[in-house]
Structures are given as structure tokens and as C-alpha cells.
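Results of the structural survey
Here is what each chain is made of, one letter per residue.
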Amino acid sequence: MTYAITQTCCNDATCVAVCPVNCIHPTPQERAFGSTEMLHVDPAACIDCGACADACPVDAIFPVDSLFGAQKRYAEINAAYFADREPEPAPDGPNFHRWGAPSFERGLPSDFAPIRVAVVGTGPAGMYAAEDLLLHTNAEVTLIDRLPVAGGLIRYGVAPDHPSTKKAGEAFARFHAHPRVRMHLGVEVGKDVTVPELAAHHDAVIYAVGASADRRLGVPGEDLPGSASAASFVSWYNAHPDVAPDAVRLSAQRVVVVGNGNVALDVARLLVMDPAELAATDIADHALAALRDSPVREVVLLGRRGPEHAACTASELLALTHLPGVELVVDDHDPRTGAAIDGAAAGDRAALLRDVQRRALDWSSPPEPGRRIVFRFHSAPVEVLGEAAVAAVRVTSGTGEQDIPAGLLLRAVGYRGLPVPGLPFDEGAGTVPHEGGRVTGVSGAYVVGWIKRGPSGGIGANRTCAAETVGTFLADAVAGALPSPVHPRRAFRRLARSRGRNVVDARGLAAIDRAEVARGREHGRPRVKLATVPALIAAAKGRRWRRTPV
């Protein structure tokens, strides 16, 4: 028997580190690492020890004989990755695989003094950086987030029906109460404290503020009511305090989503899946109620290019093809679409659509009975139509242009970072200029995650990104290139609390967690999230917040 890595692979290579026979690839030392969608277990080399499954932070690794339904395909996917690979030379000694030469990428002197580091942002990028510092140095870490609750992308970006992916947050949460961690949630840099003030209280500051803005389409009618970003829709169903419970209205039978990346697939899936399945997740109360009453029966995914260039991962597309009660259709309006699917190689994403029905659709009629997701490739929006609200989307077609009636348009065409007041910013790239994570022209300032490299890569990609940034920072520290803090260690806590009365610390965060889990227990759910800042603050202070019906 062998193990296989499945859909929820986070790519952070924790499994690689514990494998005794080097059967998981690509490893961080291989060129393909970071460019593949997921890691793979070599069935010919696996010895069935289970170490990888025990170490996996997102429960993505299972014995092949335990896979069922759509998961069975992952045994084939793992094996196919190694089909054309040259086997490694047999080792000369008794070890299962060759040992590489010792590598000591970092070296800290024995008298390395304790350092104070602030990490701004508590999502995966910031927490990988904090983890690196806490496990490998004597640093004291100040965790800062503008929201009164930690988690970032894991809490507010992962779809509620992907609970395994959310488990990465449990691995990070163990550091929230670390003895060398001080937590200040509900503190916004640029508003409550400034970049110079942060620098004056710490040896260094690592900014992990992500890419929270969305890219626009640039077409007429884009700002009509009923036209929004997929990012705001994701925040809405994940109970993000920045998005009001009534921000989304589901009043039409058809929704058009521009894009076919993972976020677009998440949005489409949530709109048409059975609400009864979502009732067992941590989806926002208001979103669950809206989806239960939703008239939406059809979601159209627009892709500017062909299926061979679909931006989603193969694992997410494969999962969509097995969504219970939902029909998948490929709009056959352009002959290039069918040709690309039929000609796709076995491992290509387009090949996963080979068994999906292809037909031309009549957009002049309401959606047919049932629930469906339509892939429409070689088609882009040129105008959003409507007077008081979105009524239709005009799109390109093989014969010119075509109007698709819809009551909601969601754009899922990418994210971009926002400037941090006091740091340089590249408007074109939407990132902070840096060298190996060191912010250009600002001593003691560093970046990690999407604000550093742009909006690419999932949760696990932040581990190697953080390792580079922390490595650069430590090299600067050893070289004596960092400015010394002006204020004593406890001064920042006084500063933060003087700027706002509702700063949440680790104890308050634990209280929020208990309150949400308790609310979930009442309804047979893992948790019911508190969706507003006042509700989160009240829970942090141990006060009871008014419950809303589910």
C-alpha cells in the first residue's frame, strides 16, 4: 500500500521534511518546487510509514486504499507525476536515499542578543515568519493586525466547505500564546500607529499585509449595483467585518463570474451547492440564510482564453466535476474550446473537462431546471448592461458579441496590494519594492507574502517566502545593520492601548474562539463566526453578544 496527496495539499513541504525515503516530490531543493500545483507521493518508493500523513497540517495525505469517490483519482495523479521521471541512482550505502551535502544557510553567533521583531499581519505569510523566528532564534515577536481577530487569509479567504485547508490555522494558533509573543489585534498601521513609531519600538518590522484590493475589468457599467468583486463575495460568506451582511443580494437565477481561477471556482461552487451541506461549516450566518433562500440556479464562468489556459488548479477543477446535484456544462460557442479539450494530454487541466457535456446554450431563455455551472471559454466581458442594477453582461463571442442576462456580476480577475503609509510602493505591481524581503530604502523594514511577491501562490508558498525574508533580516542583524529600538520593551503596549481602547491580546483572542465555538455547538457546526467588530470586541472582553437566528 502507498499514500497519496489529495486536493487540499498546501505545498508547504512539511511532509517532505519527515519522509524517511525521499518519496515526496518536488522537494524544496528541486527546481519544480513552487511551480507545481501540489506535491506528489511516488508509489514505487513509498514504504507506507505514514509519517507524511501525521505531519500534514491540512490532512491532505491518505492511504490509497482508503480513498473513495472523486478522491480515487489522486492515486492516479500521484503515480502519473512519476511516470516519465528518471529514477534516482541506487545509493551505495545502507540509507534509503542519498544524503545531500550539509547546508548551513544561516549562522547566528553564540552571543546573539535578543531582538524585538514586529510582524504586521496574522495570515499565513506573517505566521510563517513568526514561526521561523520563534523556533530558530531568541526573538521576541509582536503580532499586529488591523482586525480584532487573527487568521487573515485562512479565516477570511478559505471557502467554508474546505475545512481541511483551514486546519493550517491550528498550526499557527499554537504560537499565539507563545511566551515570547505579544499580540495587539485591532491596531492599524498608518492609522493607529505609524511606520516610524513601529520602528522606534522594535529592531525590525516584517509587513505581511497581503493584497486586499481587487483588479477591475475596465468596462462600461462595472459600477452598477449588482456588480462586485469576487473578493468581497468571499469576505461576505466568511463573515469579514469589512463587508456588511446585506452587501450581497441574491435575487436572480443566473450569475456571471469573470475568471476561472480557484477563487472563481469557489464562488461558483458556493452559489449552487446544497445549502444543507454548508450548514455544517463555519459559513457566515447571514450568507447561509441568503443561500437557503437564493433563486440562483446557474453560474457562468467567463474565461478570456481557452480551457488549456484555465487559471484554476487541476485539483479544484476535478473536485468541481464531482459536485453532487450540480451539472457542469462547457459552452460550445467557439470551436477552439472543443478542439483544446479533445487534444489535451492526460495530465492537462483541459483533459478533466473531456467527460463534461459540451453544447451551445440559448442565453435568451431563463436557466433550465436544476443547478449548473457553465464554463464559457474564449469570451470576455465588454459591457455591463442595466439601468438601476445589473441586468445582463455583454460578452465576446465567436460571431461577435452576445448578451447574457444575469442579476449579479462578480469579477475574479486577481488581487493587488495597497500602499502602507510610510513605505515605498510600486503602483504597477501592487507590491512594496524589496531585495530578498528587505524593503528598499527603509532600514529595519521587511516584507513577506503577497505584498512582497504579488498575489500568487497558496498557503504553503509563504513558508519559503518567509524563510527568505527572515534569512535576509537575520543576516542584517548579525552584520549590525539594524537600528536599535528607541523605546523599552513594554512601551509599545502602552502606545497601542493609548491609541485605542479595544486592543485584543492573546487572552481576548482565546475568548473570541471560545465564544464562536460555543455558538457553533448550539447549531451542530464547528463554529459560528462573529461578523462585526463590536461583536468580536464584546467576545474578547467576555461579554455576551446578541445571537442571530440560523
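Quick look at the structure, then.

1. Concerning the pairing of strand β16 (residues 381–385)
- Across 4 bridges, β16 lies against strand β17 (residues 392–397) in antiparallel orientation. When the bridges of β17 are listed, Leu-385 appears paired with Ala-392.
- Between the antiparallel neighbours β16 and β17 lie 6 residues, among them Gly-386 with a positive phi of about 145°.

2. So, the environment of Ser-498
- Among the secondary structure elements, Ser-498 is positioned in helix α17 (residues 491–499).
- Classification of Ser-498 by relative accessible area gives exposed; the value is 55%.
- Taking the C-alpha atoms as reference points, Ser-498 and Asp-192, 306 residues apart in sequence, are found 9.4 Å from one another.
- Within the structure, the side chain of Ser-498 is placed 2.6 Å from the backbone oxygen of Leu-495, a separation counted as a polar contact.

3. Describing the packing of helix α4 (residues 124–136) against helix α16 (residues 461–478)
- Following both chains from N to C, one finds α4 and α16 inclined at 50°, their axes separated by 8 Å at the closest point. If you check the angle between α4 and α16, you find them oblique. Remark: the crossing between α4 and α16 carries right-handed chirality. For the pair formed by α4 and α16, the contact residues are Pro-124, Ala-125, Tyr-128, Ala-129, Glu-131, Asp-132 and Leu-133 on the first element and Asn-462, Arg-463, Ala-466, Ala-467, Val-470 and Phe-473 on the second.
- Residues belonging to the contact of α4 with α16 are distributed by class as follows: 9 nonpolar, 1 polar and 3 charged.

4. Section: the side chain of His-176
- For His-176, the position within the fold is in the loop between α7 (168–173) and β7 (181–185).
- For His-176, a relative accessible area of 15% gives the class buried.
- Excluding anything up to four places from it in sequence, His-176 contacts Met-127, Leu-143, Ala-150, Val-181, Met-183, Ala-506 and Leu-509.

5. So, the packing of aromatic side chains
- For the structure on display, the rule yields 7 aromatic pairs.
- Each ring, one from Phe-375 and one from Phe-377, has its centre 5.9 Å from the other, and the planes form 5°; the classification is stacked. Neither Phe-375 nor Phe-377 differs from the other in exposure class; each is buried.
- Each residue in the set Phe-233, Trp-236 and Tyr-237 is aromatic and connected to the rest through ring pairs, giving one cluster.

6. Overview of helix α14 (residues 335–342)
- Turning to α14, its buried residues number three or more, namely Thr-337, Gly-338, Ala-340 and Ile-341. One side of α14 carries all its buried residues, which in axial view fall inside an arc of 160°. Those residues of α14 that are exposed and angled more than 90 degrees off the buried face are Pro-335 and Ala-339.
- Close packing links the buried residues of α14 with β13 (326–331) and β14 (357–359).
- The N-cap of α14, judged by a side-chain oxygen 2.9 Å from the amide nitrogen of Arg-336 a few residues on, is Asp-334.

7. Comments concerning α4
- If you check α4, its first and last C-alpha atoms are 18 Å apart, about what 13 residues at 1.5 Å a residue would give, namely 18 Å.
- Of all 13 residues in α4, 11 are buried, a share of seventy percent or more.
- Those residues of α4 that fall on the buried side of the exposure criterion are Pro-124, Ala-125, Gly-126, Met-127, Tyr-128, Ala-129, Ala-130, Glu-131, Asp-132, Leu-133 and Leu-134.

8. Considering the environment of Ser-365
- Along the chain, Ser-365 falls in the loop between β14 and β15 (371–376).
- Separated by 29 residues in sequence, Ser-365 and Arg-336 place their C-alpha atoms 25 Å apart.

9. Side note on the sheet that holds β17
- What the 3 strands build is an open sheet, ordered β16-β17-β18; its pairing is antiparallel. This sheet does not close on itself; its edge strands, each paired only once, are β16 and β18 (400–405). Ignoring which end each strand starts from, the neighbouring axes of this sheet average 25° apart.

How each quantity is defined
- Residues numbered from 1 in each chain as written.
- Predicted model: local features only at pLDDT ≥ 70, side-chain atom pairs only at ≥ 80, totals over all residues.
- Heavy atoms only, no water.
- Pairing = 2+ DSSP bridges.
- Helix = DSSP H or I, 4+ residues; strand = E, 2+ residues; numbered from the N terminus.
- Buried < 20%, exposed > 50% of the residue type's maximum accessible area, 1.4 Å probe, protein only.
- Polar contact = N/O pair within 3.5 Å; in protein donor to acceptor, adjacent residues only side chain to side chain.
- Axes fitted to C-alpha atoms, helices over the stretch in contact; angles between N-to-C directions.
- Parallel < 35°, antiparallel > 145°, perpendicular 65-115°, else oblique.
- Left-handed = near helix turned anticlockwise from the far one by under 90°.
- Contact = heavy atoms within 4.5 Å.
- Nonpolar A, V, L, I, M, F, W, Y, C, P; charged D, E, K, R; others polar.
- Phe/Tyr/Trp six-rings, centres within 6.5 Å; stacked < 30°, edge-to-face > 60°.
- Arc of directions from axis to C-beta.
- Expected span 1.5 Å × (residues − 1).

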